[in-house]
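What the coordinates show
In case you want the letters, here they are:
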Amino acid sequence: MSQSLLQTPLYDLHVRMGAKMVPFAGYEMPVQYNLGVKKEHLHCRDAAGLFDVSHMGQLRLRGENAAKMLEMLVPVDIIDLPEGKQRYAFFTNEAGGIEDDLMVTNFGDYLFIVVNAACKAQDIAHLQTYLQAGVELEVITDRALLALQGPKAVEVLAQLNPQVRDMVFMDAMRIDLLGQECYVSRSGYSGEDGFEISVANSHAQALAIALLENDNVEWIGLGARDSLRLECGLCLYGHDLDSTTTPIEASLLWGISKVRRTDGERSGGFIGADVILTQIATKAVSRKRVGLIGQTKAPVREGSLLFDTNGNHVGVVTSGSFGPSVSIPVAMAYVAPVYSDIDTVLFAEVRGKRLPMTVTKMPFVAQRYYRG
């Protein structure tokens, strides 16, 4: 393992727990533990899984005009984001492409932002480029990030602080866990109910051990994290989203706040607005993100080319795996719009063979966020 790779504050604990460590976004990260990817995946669906996501970037944006400034960079309502609420957003470029997707929380005295690990440096530079007078960007380096996901997550975390029972999806609070202030949101990347917990580096191991003492909790690695999010139709930046993909092509219209759309109170005003608002109005895109299920048992991986019944190349798979919860291959892909209708049959090229797949609605597994 390269000495240049970074380690999270929980690295030693992962090694003690038998994790297989791999390079990921500049870090040594656990891809799986002794249970194995399939059992980890199913355990998270049935009980509660604990994920180390400390490689993600954590930022604070302070100042009277912080929300106004951020709205220049995302097509999302930040100004009216209520205190104690979190919102999904994405940085856009002049061509309407997505530079990264992120989570923004209003903690009252600052905006708390979580960005993808692989995009951390460019996102920080992007924010610094647009900083306005009186707005301060702080890069947080002294906090780890844990995700506790699954139907039993709330029972587990409530043993440490019963306040979490009153939270609903996308709520966020600064609360005490084991005597330390943590930033807790009821959210996550598995499609299950659960929480993401920002905790001081010095306290991260103690908190992880306390959560793992509950029989319902198991460590979950990057392998199962990927299959869990795919089954629930959640995009992975750098795969299903990139700087050449617009939110409309990615079927993320729901992520563009109505107030920022044409005829909204603060219409446009973000980078790439002309392109994105035109695509919303005309529905004119050259490709569209769709879900696919396999008609055979063979998984179809990222990069597999897609063909129509006449052998014409019509798209490409961006994420693909065998879905442990549904026991069939599942994939996300971009295809020409004419091939995006539900029940369209396409053929994925896998090792020289063309395997039939059917366009289907997403998510493949129902999302179970707790909304009260």
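Rules used throughout
Residues numbered from 1 in each chain as written. Predicted model: local features only at pLDDT ≥ 70, side-chain atom pairs only at ≥ 80, totals over all residues. Heavy atoms only, no water. UniProt positions renumbered as here; feature names shortened; annotations may be inferred. Pairing = 2+ DSSP bridges. Helix = DSSP H or I, 4+ residues; strand = E, 2+ residues; numbered from the N terminus. Axes fitted to C-alpha atoms, helices over the stretch in contact; angles between N-to-C directions. Contact = heavy atoms within 4.5 Å. 1 Å grid on protein atoms, 1.4 Å probe; cavity = no way out; pocket = protein on both sides within 12 Å on 5 of 7 lines; lining within 4 Å. Points joined across faces, edges and corners; volume = space filled by probe spheres on them. Nonpolar A, V, L, I, M, F, W, Y, C, P; charged D, E, K, R; others polar. Buried < 20%, exposed > 50% of the residue type's maximum accessible area, 1.4 Å probe, protein only. Polar contact = N/O pair within 3.5 Å; in protein donor to acceptor, adjacent residues only side chain to side chain.

As annotated in an unreviewed UniProt entry, the protein carries the name aminomethyltransferase and is attributed to Photobacterium andalusiense. Per its UniProt entry, the protein bears the Catalytic activity (unreviewed entry) comment "N(6)-[(R)-S(8)-aminomethyldihydrolipoyl]-L-lysyl-[protein] + (6S)-5,6,7,8-tetrahydrofolate = N(6)-[(R)-dihydrolipoyl]-L-lysyl-[protein] + (6R)-5,10-methylene-5,6,7,8-tetrahydrofolate + NH4(+)". Under Sequence similarities (unreviewed entry), UniProt gives the following word-for-word description of the protein: "Belongs to the GcvT family."

Within the open sheet, the five strands sit side by side as E6-E7-E8-E5-E9. Their pairing is antiparallel. Strand pairing shows two members of the sheet lacking a second neighbour, strand E6 (86–92) and strand E9 (136–140), which therefore form its edges. Taking the axes of each pair of neighbouring strands and ignoring which way they run, one obtains an average angle of 30 degrees across the sheet. Judged from the seven bridges that link them, E6 and strand E7 (residues 98–106) form a sheet pairing that is antiparallel. Bridge pairing in E7 places Gln86 opposite Thr105. Contacting strand E5 (57–62), E6, E7, strand E8 (111–115) and E9, helix H4 (residues 120–129) runs over the sheet at an angle of about 165 degrees to E9.

Moving on, we get to empty space enclosed by the protein. In the structure shown here, the tally under the stated rule is two cavities of 30 Å³ or more. In this structure, the largest cavity spans a volume of roughly 80 Å³. Along the walls of the largest cavity sit 13 residues, with Gln86, Phe112, Val114, Ser185 and Glu196 positioned nearest its centre. Only E7, E8, strand E12 (180–185) and strand E13 (194–200) provide two or more residues apiece to the lining of the largest cavity. Taken together, the residues that form the lining of the largest cavity break down as eight nonpolar, four polar and one charged. Of the voids in this model, the second largest cavity is the one considered here, and its volume is about 30 Å³. Contributing to the lining of the second largest cavity are Pro30, Phe51, Asp52, Ile220, Gly221, Leu222 and Arg225. For the lining of the second largest cavity, the elements supplying multiple residues, two or more each, are strand E4 (48–52) and helix H7 (222–231).

Take Ile98: it is sitting in strand E7. With a relative accessible area of 0%, Ile98 lands in the buried category. Contact partners of Ile98, with chain neighbours within four places excluded, come to Phe90, Phe91, Tyr237, Leu241, Asp242, Ser243, Thr245, Thr246, Pro247 and Leu252.

Let us now look at the environment of Tyr27. Assignment of secondary structure puts Tyr27 in strand E3 (residues 27–32). As a C-alpha pair, Tyr27 and Ser54 span 27 residues in sequence and 9.6 Å in three-dimensional space. Among residues more than four places away in sequence, those in contact with Tyr27 are Leu5, Leu6, Gln7, Thr8, Val22, His55 and Lys120. Here the side chain of Tyr27 touches Lys120 through a polar contact of 3.0 Å, side chain to side chain.

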